[in-house]
Amino acid sequence: MSDIDFQSFLPELIDIRHQLHRMPEIGLSEFKTSDFIAKQLEQWGFEISRGLATTGIVATLRAGNSNRAIGFRADFDALPMQEETNLPYASQHPGAMHACGHDGHTSMLLGAAWALSQDKSFSGTVHFIFQPAEENFGGGKLMIEDGLFERFPCDQVFALHNWPGIPAGTFATRAGPIAASIDVVTVTVKGKGGHGAQPELTVDPVVVGSSIVMALQTLVSRNISPHQPAVVTVGAFLSGSASNIIPDTAVLEISMRAMNPKVREEIRERVEQIASLQARSYGADISFDWQVGYPATINDRQAVEAAKSMIVQRFGEDAFIDLDLPLMGSEDFSFLLERVPGAYVLIGNGDSAGLHTTTYNFNDDILERGAMYFYHLAREQLG
């Protein structure tokens, strides 16, 4: 499968993954995790740069005399969840858990870093990008703002993400859009509260909010082409305290997803327009608090073909699946792909619990193949 004896290193890599799993940290506070990653890289002789997006790390490996460069990215933040796996290496940080497999993503990239440091049979530069805050603050965007690609230029960038339900170790991707954009807005409706027996003296924000929720149900079906995937979800409706009190305010939490940048912008504009007009029709005021959004993740066709060709050659035709449809989930690797062509590829986690669940665990059986994916890709792209 590979030109390097990875089996001798695999027990150490599994231990690295388990140590990372024990120390989950939320985005931009991953200080122990960042120190741990840096220590591993330094003992293998890497030159590392720290501090991008607070806790981010870039390790660089050079060989030969080519000016070509490739970037490999792994995320390492955790989720604010209480783990319920009962594993011997379960989270030791109450209220935090590696429920999306970022401990595994980081371990696979560390495995590739070790392998390439042992076998520099390539010509060019490999940048290993260890990124914080994928789940909350858009760490990819923050690293770019801190000069990621000015300091570490890349001709292409690649990332792996584990995926439950795909056979363990099988790769899957597609050219073009592979994951949706995400935008989130908090809508606050300001009415006029009062007694439940005297609604005529009030401006009821519950009624206004309910009207907004129902009006939004036609946004996608009547404003967006059926050929364009899009989702608008009102995930929270917060208002009131008792049955006989009409409250002053109602708060809606709304998420929006799309594949096409123009559709994304249209949805954002229509959400504000619909909500504002509904509120005005009832005599209520309204405000919008937009949170950081992620653009759609759009794979470069040539990068996808390069990844597919390597996978089929090294692991066999059965190891690759061409995805027919993109995912409606979101991913901040999209920010990197806006700047540099590349590919976001899934690797099957097998029949495991789902991502973002309290019983999820990354599958150690795919560590070697994930590490070898990056190893072979570097050697072939920088051959």
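Residues numbered from 1 in each chain as written. Predicted model: local features only at pLDDT ≥ 70, side-chain atom pairs only at ≥ 80, totals over all residues. Heavy atoms only, no water.

In the annotation of an unreviewed UniProt entry, the entry for the chain reads Amidohydrolase, and the organism field reads Rhizobium lusitanum.

Q: Which residues make up the UniProt feature "domain: Peptidase M20 dimerisation" (unreviewed entry) in the chain, and what are the values?
A: Here the UniProt-annotated "domain: Peptidase M20 dimerisation" (unreviewed entry) positions come out as residues 185-279. Here residues 185-279 is 38% helix and 32% strand, with 16 Å between the C-alpha atoms at its ends. (UniProt positions renumbered as here; feature names shortened; annotations may be inferred. Helix = DSSP H or I, 4+ residues; strand = E, 2+ residues; numbered from the N terminus.)

Q: Please give an account of the pairing of strand S5 (residues 156-164) that cites residues and values.
A: Within S5, 8 of the 9 residues are buried, which leaves the element mostly enclosed by the surrounding structure. With 4 bridges joining them, strand S3 (residues 69-75) and S5 adopt parallel strand pairing. Paired with isoleucine 70 across the two strands is glutamine 156, which belongs to S5. Where S5 lies against strand S16 (residues 342-350), 8 bridges are found, and the strand directions are parallel. Along S16, the bridge assignment pairs asparagine 162 with isoleucine 347. (Buried < 20%, exposed > 50% of the residue type's maximum accessible area, 1.4 Å probe, protein only. Pairing = 2+ DSSP bridges.)

Q: Can you tell me about the pattern of salt bridges, naming the residues and giving the values?
A: Applying the stated criterion to the full structure yields 14 salt bridges. The partner of arginine 17 in a salt bridge is aspartate 103, and the shortest N-O contact between them spans 2.8 Å. A residue pair is termed long-range when its members are at least 10 positions apart, and arginine 17 in helix H1 (residues 10-22) and aspartate 103 in helix H3 (residues 102-118) qualify at 86 residues. Residue classification places arginine 17 among the buried positions, given a relative accessible area of 0%. Among the ionic pairs, aspartate 183 bridges to arginine 264, the shortest N-O distance being 2.7 Å. Of this pair, aspartate 183 sits in strand S8 (residues 181-190) while arginine 264 sits in helix H8 (residues 261-282); the two residues are 81 residues apart in sequence, bridging distant segments of the chain. Residue class for aspartate 183 comes out buried when judged on its relative accessible area of 1%. (Salt bridge = Lys/Arg side-chain N within 4 Å of Asp/Glu carboxyl O.)

Q: Tell me about the packing of aromatic side chains, and name the residues and values.
A: Any two aromatic rings considered together are summarised by their centre-to-centre distance and by the angle between their planes. Here the structure, examined in full by the defined rule, presents 13 aromatic pairs. Relative to phenylalanine 335, the ring of tyrosine 294 has its centre 5.7 Å away and its plane inclined at 75°; by these criteria the two rings are edge-to-face. On the criterion of sequence distance, the pair formed by tyrosine 294 in the loop between strand S13 (285-290) and strand S14 (297-299) and phenylalanine 335 in helix H10 (residues 333-339) is long-range, its members being 41 residues apart. Here tyrosine 294 matches phenylalanine 335 in class, with each residue buried. (Phe/Tyr/Trp six-rings, centres within 6.5 Å; stacked < 30°, edge-to-face > 60°.)

Q: Break down the pairing of strand S2 (residues 56-63) for me, citing the residues and quoting the values.
A: Extensive coverage of S2 is indicated by the burial of 7 of its 8 residues. Of the pairings in the sheet, the one linking strand S1 (residues 47-52) to S2 comprises 5 bridges and is antiparallel in character. Across the sheet, the residue bridging to glutamate 47 is threonine 60, located in S2. Hairpin connection, S1 to S2: the antiparallel pair is bridged by 3 residues, and alanine 53 has positive phi, about 55°.

Q: Could you give an account of the sheet that holds S8, with specific residues and numbers?
A: In sheet architecture, strand pairing relies on hydrogen bonds along the backbone and comes in two forms, parallel and antiparallel. Spatially, the 4 strands line up as an open sheet ordered S10-S12-S8-S13, and their pairing is antiparallel. Both edges of this open sheet fall to strand S10 (230-239) and S13, since each of them pairs with a single strand only. Taken over all neighbouring pairs, the strand axes of this sheet differ in orientation by 20° on average, direction set aside. Bridging between S8 and strand S12 (residues 249-258) involves 10 bridges; their strand directions are antiparallel. Bridge pairing in S12 places valine 189 opposite alanine 250. Strand contacts of helix H6 (residues 205-216): S8, S10, S12 and S13, with the helix running at about 170° to S10, the strand carrying the most contacts. The strands that H8 touches are S8, S10, S12 and S13; relative to S13, the one it contacts most, it runs at about 155°. (Axes fitted to C-alpha atoms, helices over the stretch in contact; angles between N-to-C directions. Contact = heavy atoms within 4.5 Å.)

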